[in-house]
Amino acid sequence: DETPPYHQQECLKYLPEFAENQLARSSGIRRGVPGLTLLGTTGTDPIRGMRNVEGTLFVVAGTTLYEIASDGSKTSRGTITGTGRVSMTHNQQSDGYQLVIVNGPEGFVYTTATHTLTQITDPDFKGSIITDFINSYITHIEPLRRFWFHSDLADALSYLSTDEYEAESAPDRLVSQVVNHSEVWMFGERTIEIFVNTAQTDAQGVADLGARDGVL
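Residues numbered from 1 in each chain as written. Predicted model: local features only at pLDDT ≥ 70, side-chain atom pairs only at ≥ 80, totals over all residues. Heavy atoms only, no water.

Peer 1: For this particular structure, what's the right way to read the overall build of the protein chain?
Peer 2: Each helix and strand counted, the protein chain has zero helices and 18 strands in total. Residues classed as buried in the protein chain amount to 37% of the 216 residues present. Expressed as a percentage of contacts within the protein chain between residues at least 6 apart in sequence, the contacts between residues at least 24 apart total 39%. (Helix = DSSP H or I, 4+ residues; strand = E, 2+ residues; numbered from the N terminus. Buried < 20%, exposed > 50% of the residue type's maximum accessible area, 1.4 Å probe, protein only. Contact = heavy atoms within 4.5 Å.)

Have a look at this one:
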């Protein structure tokens, strides 16, 4: 029917906004809203994580890491094991970037300069449930949530057992982390502890991320 009843008509890509003042000349208006355009597809496998690495989009779909071009085409860059969500971050090296992907028990690093995907095999890497970046370090929370740790400077594949940090003001287990204003906020089950990058060095001469006084 070319003239359907009002309740059968559709209005696409507009959002109704009703007037707050009942004395307004009109009871409401329709505002335009951003639309979505399909860029490309990665198949039917579930999306486990995405990361924009300085203008290049990387997607973990199923067990495959894809690099997505600006035209929507995809290139397989390797296999990421597991089925659950992954956590992703990246750092900068002199010749490119390292994309870090963790799934809990395992971690992987994709190097943009060489287009290679490498599993982290350093014995001091204990697995990671969430990862982030601060001051050229990659930070992790280990799967049992007892402590967090970080990589060597600008090297997501290398770790030291001395670069591990437990809660210093409360013993609750870690849940998540956020890097904010050059601080690492570690969220426990009951408290939040804040760490900052200090000029102090450990026995190996590597700068430590020391805890600030106080717990939120």
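Peer 1: Is there a simple way to explain the pattern of salt bridges in this structure?
Peer 2: Opposite charge on two side chains allows them to pair when their charged atoms are near. Enumeration according to the criterion identifies five salt bridges in this entry. With a closest N to O distance of 3.1 Å, Arg-146 and Glu-142 form a salt bridge. For Glu-142, a relative accessible area of 2% gives the class buried. (Salt bridge = Lys/Arg side-chain N within 4 Å of Asp/Glu carboxyl O.)

Peer 1: Can you walk me through the packing of aromatic side chains in this structure?
Peer 2: Each pair of aromatic rings is reported with the distance of its centres and the angle of its planes. Within this structure, the stated rule accounts for eight aromatic pairs. Residues Trp-148 and Phe-195 carry aromatic rings whose centres are separated by 5.0 Å and whose planes lie at 75° to one another, so their mutual orientation is edge-to-face. Separated by 47 residues along the polypeptide, Trp-148 in strand β13 (residues 148-152) and Phe-195 in strand β17 (residues 192-201) bring together distant segments of the chain. Across the pair, Phe-195 and Trp-148 agree in class, each one buried. What links up through ring pairs into an aromatic cluster is the set Phe-125, Phe-147, Phe-149 and Tyr-159. (Phe/Tyr/Trp six-rings, centres within 6.5 Å; stacked < 30°, edge-to-face > 60°.)

Treat this as a map of the structure, not an account of what it does.
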